[in-house]
Amino acid sequence: MKILVTGGLGFIGSHTVVELQNVGFDVVVIDDLSNSSLDVLNGIEAITGKKPDFEKIDLREKQAVKDFFVKYTDVTGVIHFAASKAVGESVENPLLYYENNIGSLVYLLQELQKKQESHFIFSSSCTVYGQAEKMPITEEAPIQGAMSPYGNTKQIGEEIIKDVAKVSGINSVLLRYFNPVGAHPSVNIGELPLGVPLNLVPFITQTAIGIREQLSVFGSDYQTTDGTCVRDYIHVVDLAKAHVTALQRLIDKKNAEKVEVFNLGTGTGNSVLEVINAFEKVSGQKLNYKIVDRRAGDVTEAYADTTKANNILGWKAELSLDDALASAWKWEQKVRGK
Ligand code: WQD
């Protein structure tokens, strides 16, 4: 069985391709290279010794998606990462997000619906919870109005998958990520943000290596231990392994429902200042940062209740925040040739 990984040259996608190959799956990657590079294929091969098949396809092109499934008739397992994912950009350009994130999902599902049976893993996000009332956040926490068009595309995507599951042989798992961070320990693959990083950890490593002058900490007047926002930072390798576990669950027909939902986090929350302190400890670098105003749209805290993922999915995060920050720093140094 060949597994399709869309967005497979991206940050989480590439790490998932590695973990799929590590357990013997045959992988084909679709990527439009809008936010990644072909060089990632070499990074994957350097780790696993196998280069996955690759198709450069824009999933907004319906015919191209159809043609793919004619060429790869044996693909019945899909892990769907491909999407635009910059929260701020989605506010500026909502139609880009609805066309890309919703359009590509619909075209993929239209092809899978033609099959007797298929397995679909969807990359969702804890943003669907907005600012959850209760910590840690369980899968039963209410879905709140999205804080951005990006978050809305994840909510809409989940609803589309649930509706299609009722009338097709598509079995799905929705994986709601908390904050993915870090890089593969081999430093052959990692996060490659284009332009100025939006996320905390790449901004930290780029500041430490001297590409960015100073990290701005967005607000220190939140109702948290030290006033800065709290998040659940999960190592990307742990996150990748969860996708393989979820896919295997569907292949083995262990799923209890046609659509299952799991929160993927460590279960531990860390504040921005705690992340900065941990980075300084693991890297030995003093970080230049300043406290500035809050960033619009940020929730005060979000960390996962991992009970369902641990006990039902049978997956548990094993790597620590220090592991993630150390690997992110090693990756930054390698990418910058330092
Ligand atoms: C984390 C914390 C910031 C940058 C987003 C998306 C989410 C997912 C992960 C795609 C916050 C603070 C950040 C900086 C800072 N992406 N921060 N200075 O916003 O929790 O989640 O990325 O799926 O959907 O919403 O992650 O890394 O941007 O921010 O102080 O330069 O770091 O305020 O408290 P976030 P983040």
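Residues numbered from 1 in each chain as written. Predicted model: local features only at pLDDT ≥ 70, side-chain atom pairs only at ≥ 80, totals over all residues. Heavy atoms only, no water.

A.B. asks: How would you summarise helix H9 (residues 272–283) if you had to cite specific residues and measurements?
C.D. replies: Compared with an ideal rise of 1.5 Å per residue, which puts 12 residues at 16 Å, H9 spans 16 Å between its outermost C-alpha atoms and is within 8% of the ideal. Buried within H9 are the following residues: Val-272, Leu-273, Val-275, Ile-276, Ala-278, Phe-279, Glu-280 and Ser-283. Residues of H9 that are buried make contact with helix H7 (200–209), strand S8 (215–218), strand S10 (233–235), strand S12 (270–271), strand S13 (289–292) and helix H11 (321–335). Note on H9: the residue one or two positions beyond its end, Gly-284, has a positive phi of about 75 degrees. (Helix = DSSP H or I, 4+ residues; strand = E, 2+ residues; numbered from the N terminus. Expected span 1.5 Å × (residues − 1). Buried < 20%, exposed > 50% of the residue type's maximum accessible area, 1.4 Å probe, protein only. Contact = heavy atoms within 4.5 Å.)

A.B. asks: Mind laying out the site of the ligand, listing which residues take part and the relevant values?
C.D. replies: Around the ligand, 18 residues are found, and the nearest of them are Tyr-150, Leu-200, Ser-216, Arg-231 and Asp-298. A distance of 3.0 Å is found between an oxygen atom of the ligand and a side-chain nitrogen or oxygen belonging to Asn-179. One nitrogen or oxygen atom from the side chain of Arg-295 is found 2.9 Å from an oxygen atom belonging to the ligand. Contact with the protein chains covers 89% of the free accessible surface of the ligand, which is 680 Å². Per-element accounting of the shell around the ligand gives the leading share, 4 residues, to S8. When the residues that make up the shell around the ligand are grouped by side-chain class, the tally is 10 nonpolar, 5 polar and 3 charged. (Near = heavy atom within 4 Å. Polar contact = N/O pair within 3.5 Å; in protein donor to acceptor, adjacent residues only side chain to side chain. Areas by Shrake-Rupley, 256 points an atom, 1.4 Å probe, with all protein chains shown as cover. Nonpolar A, V, L, I, M, F, W, Y, C, P; charged D, E, K, R; others polar.)

A.B. asks: Mind laying out the environment of Glu-111, listing which residues take part and the relevant values?
C.D. replies: Summarising the element assignment, Glu-111 is placed in helix H5 (residues 94–112). Separated by 43 residues in the primary sequence, Glu-111 and Phe-68 place their C-alpha atoms 9.5 Å from one another. Contact partners of Glu-111, with chain neighbours within four places excluded, come to Val-65, Lys-66 and Phe-69.

A.B. asks: Give a detailed account of the pattern of salt bridges, specifying residues and quantitative values.
C.D. replies: The full count for this structure, using the stated rule, is 18 salt bridges. One salt bridge connects Glu-99 with Arg-60, and the closest N-O pair in it is separated by 3.5 Å. Of this pair, Glu-99 sits in helix H5 while Arg-60 sits in the loop between strand S3 (53–56) and helix H3 (62–71); the two residues are 39 residues apart in sequence, bridging distant segments of the chain. Judged by its relative accessible area of 46%, Glu-99 is partly exposed. Residue Lys-162 pairs with Glu-159 through a salt bridge whose shortest N-O separation is 3.4 Å. With Lys-162 and Glu-159 both in helix H6 (residues 149–165), this residue pair falls 3 residues apart, about one helical turn. (Salt bridge = Lys/Arg side-chain N within 4 Å of Asp/Glu carboxyl O.)

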